Amino acid sequence: MTDIPWAELRRAANAAAARAYAPYSKVHVGAAAVCDTGAVVVGSNIENASYGLTLCAECSLVSDLRRVGGTRLIALCVVAGDSAPIAPCGRCRQVLFEFGGRDLLLDQGEDVAPLTLEQLLPHAFGPDDLPTRANQ
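Below or above, wherever it landed, is the structure these notes cover. Remember, predicted model here, so these are calculated numbers, not experimental data.

Reading guide: rules and limits
Residues take numbers from 1 onward in each chain, read along the sequence in its written order. For a predicted model such as this one, the threshold for reporting local features is a pLDDT of at least 70, and the threshold for listing and counting side-chain atom pairs is 80 or more; totals across whole chains, interfaces and linings nevertheless cover every residue. Just so you know, side-chain values use all the structure's heavy atoms and leave hydrogens and water out. Strands qualify as paired when DSSP identifies two bridges or more between them. Note on conventions: DSSP H or I runs of at least 4 residues are helices, E runs of at least 2 residues are strands, and numbering of each starts at the N terminus. Contacts were defined at the residue level, with two residues in contact if any of their heavy atoms lie within 4.5 Å. Lines are fitted to the C-alpha atoms to define the axes, a helix being fitted only along its stretch in contact, and any angle between axes, read from their N-to-C directions, falls within 0 to 180 degrees. Each residue is placed in one exposure class: buried if its accessible area under a 1.4 Å probe, protein chains only, is under 20% of its type's maximum, exposed if it is over 50%, and partly exposed if it falls in between.

**What about the sheet that holds strand 2 (residues 40–44)?**
Argument step 1. In spatial order, the strands read 2-1-3-4-5; together these five strands make up an open sheet with mixed pairing. The sheet terminates laterally at strand 2 and strand 5 (115–116), the two strands that pair on one side only.
Argument step 2. Of the pairings in the sheet, the one linking strand 1 (residues 29–35) to strand 3 (residues 73–80) comprises seven bridges and is antiparallel in character. Opposite Ala33, over in strand 3, you have Leu76 as the bridge partner.
Argument step 3. Packing against the sheet, helix 1 (residues 6–18) makes contact with strand 1, strand 2, strand 3 and strand 4 (105–106), and its axis sits at approximately 145° to strand 1.
Argument step 4. This element, helix 2 (residues 57–67), spans strand 1, strand 2 and strand 3 of the sheet and lies at about 140° to strand 2.

**Considerations on unusual backbone geometry**
Argument step 1. Of note in this structure, Ser83 is not a glycine but carries a positive phi near 75°.
Argument step 2. Among the secondary structure elements, Ser83 is positioned in the loop between strand 3 and helix 3 (90–100).
Argument step 3. On the accessibility criterion, Ser83 (42% relative accessible area) is partly exposed.
Argument step 4. In this structure, His123 is a non-glycine residue whose phi angle is positive, near 60°.
Argument step 5. Mapped onto the fold, His123 is located in the loop between helix 4 (117–120) and helix 5 (130–133).
Argument step 6. Assessed through its relative accessible area of 76%, His123 is described here as exposed.

Encoded structure:
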């Protein structure tokens, strides 16, 4: 896929941020991505009073990916409630690596080239590492 619909992803991410549940941090986060089937998937952060059970927008998005039958994320936009791009946290970077791999494109805003997940998470551990790292 060469033509990434960045404007559509930004609109969808902002709409998802508007539906976030963030009564504690007040930081509403939305994520939107295009997957290998061409479908756009979305997610919102869902906070919890115990904090540790909070679900990030990117994890919510991966659930939507599986719901629509996609297997691979191609390009991703994550925004905060102010509509500006926000970087995924460390946990989410690892989850995104599982479903997007090194080549997943991450939006940095209209006038900035996207980053790859490899740039954001160098030397990531993933499914390909398991066979070579397992005890024999």
